[in-house]
Amino acid sequence: MRILVVDDEETLVDTLKRGLVAEGFAVDTCLNGLDGIKLARSAPYDCIVLDIMLPGMNGFKFTATLRSEEIWTPILMLTAKDGELDEAEALDTGADDFLKKPFSFTVLVAHIRALLRRNVDSRPPVLIAGDLKLDPSSHSVMRGDTAVDLTTREFSFLELLMRSKGKVLNKREIIEHVWDYDFEGDSNIVEVYIGYLRKKIDAPFGTKSIRTVRGVGYLLEEDGGATAVSCAEVPATV
């Protein structure tokens, strides 16, 4: 999932980016409101973490402007420690949630995941495609009754595919959500991770859930992939 962090505390922003990337998010950052709102308008973010006191445009104006333009990206507003009025205004101007500074990083991630689950698509708490199940809250993947161990990046990649099951995603869409908007590495990294996922969620189970659409991109089959049938399992013809 792709997150935008807008805060003028550079040290905090750097810390949040490192932590969120480690949690598997793709993260873009901005230190002022005007540049932040340009990014929010131009890219399909899954959540925005937004401070109130920003140069250029404060968080209240930022939020009200996006909502007036019918941009409904979930917004987590960072408020002052004892700012009840700030909290009320944050919600009144269109923020979806707020968090008081200083805050625990663990709590911040929990708030972000809660927003992702209840955004405009009514995201289910557990993603299911056939017998393939992914639980974002527990960071776990199951194929039938078997747990599948994925790295953080593999998990993020699979989560994106499962949230878009049946839909073809091109390389740019994948990179922007699983890595970040400014990724300048080799786009072949997508094929590399497709290979990693196939070896873990398909090959051991005789399934083919990730399909390559040549010249377009990749999709996850809505049924999680048909189970392969070996010759020994096919009944002999009488």
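Preceding this paragraph is the structure being described.
Residues numbered from 1 in each chain as written. Predicted model: local features only at pLDDT ≥ 70, side-chain atom pairs only at ≥ 80, totals over all residues. Heavy atoms only, no water.

This paragraph deals with the pattern of salt bridges. Any two side chains of opposite charge can pair, so long as their charged atoms come close to each other. What the rule picks out here adds up to 12 salt bridges. For Arg143, the salt bridge is made with Asp202, and the minimal N-O distance between the two is 3.0 Å. Linking Arg143 in strand S8 (residues 140-143) with Asp202 in helix H8 (residues 189-202), this pair joins segments that are 59 residues apart in sequence. Summarising the burial analysis for this pair, Arg143 and Asp202 share the class buried. (Salt bridge = Lys/Arg side-chain N within 4 Å of Asp/Glu carboxyl O. Helix = DSSP H or I, 4+ residues; strand = E, 2+ residues; numbered from the N terminus. Buried < 20%, exposed > 50% of the residue type's maximum accessible area, 1.4 Å probe, protein only.)

Axes are the key here: two packed helices are described by the angle between their axes and the distance separating the axes. Put simply, helix H1 (residues 10-22) and helix H5 (residues 105-117) touch, their axes get as near as 11 Å, and they point 60° apart. Considering only the axes of H1 and H5, their crossing is right-handed. Every residue of H5 that contacts H1 at Leu16, Gly19 and Leu20 is listed here: Phe105, Leu108, Val109 and Ile112. (Axes fitted to C-alpha atoms, helices over the stretch in contact; angles between N-to-C directions. Left-handed = near helix turned anticlockwise from the far one by under 90°. Contact = heavy atoms within 4.5 Å.)

This part takes up the sheet that holds strand S5 (residues 97-100). The parallel open sheet is built from five strands, whose spatial order is S2-S1-S3-S4-S5. Every other strand in the sheet has two partners, leaving strand S2 (26-30) and S5 as the edge strands with one partner each. When strand polarity is set aside, the average angle formed by the axes of neighbouring strands in this sheet is 20°. Two elements, strand S1 (residues 2-6) and S2, share five bridges in a ladder whose sense is parallel. Looking across to S2, one finds that Val6 is bridged to Cys30. Lying over the sheet, H1 contacts S1 and S2, oriented at roughly 170° with respect to S2. (Pairing = 2+ DSSP bridges.)

With that settled, the discussion passes to the nonpolar core. Ranked by internal contacts, the top residues of the largest apolar core, which has 44 residues, are Phe25, Ile112, Phe157, Leu158 and Ile174. Top contributing element to this core by residue count: helix H6 (residues 152-163), with six residues. Mapped onto the domain boundaries, this core takes at least three residues apiece from domain 1 (2-119) and domain 2 (127-220). Apart from the residues within four sequence positions on either side, Leu158 is in contact with Leu132, Leu134, Val141, Leu150, Leu197, Ile201 and Leu220. In this structure, Val6, Met57, Phe62 and Met77 belong to the second largest nonpolar core, which totals 20 residues. (Core = buried A, V, L, I, M, F, W, Y, C linked by side-chain atoms within 4.5 Å. Domains from an automatic or database assignment.)

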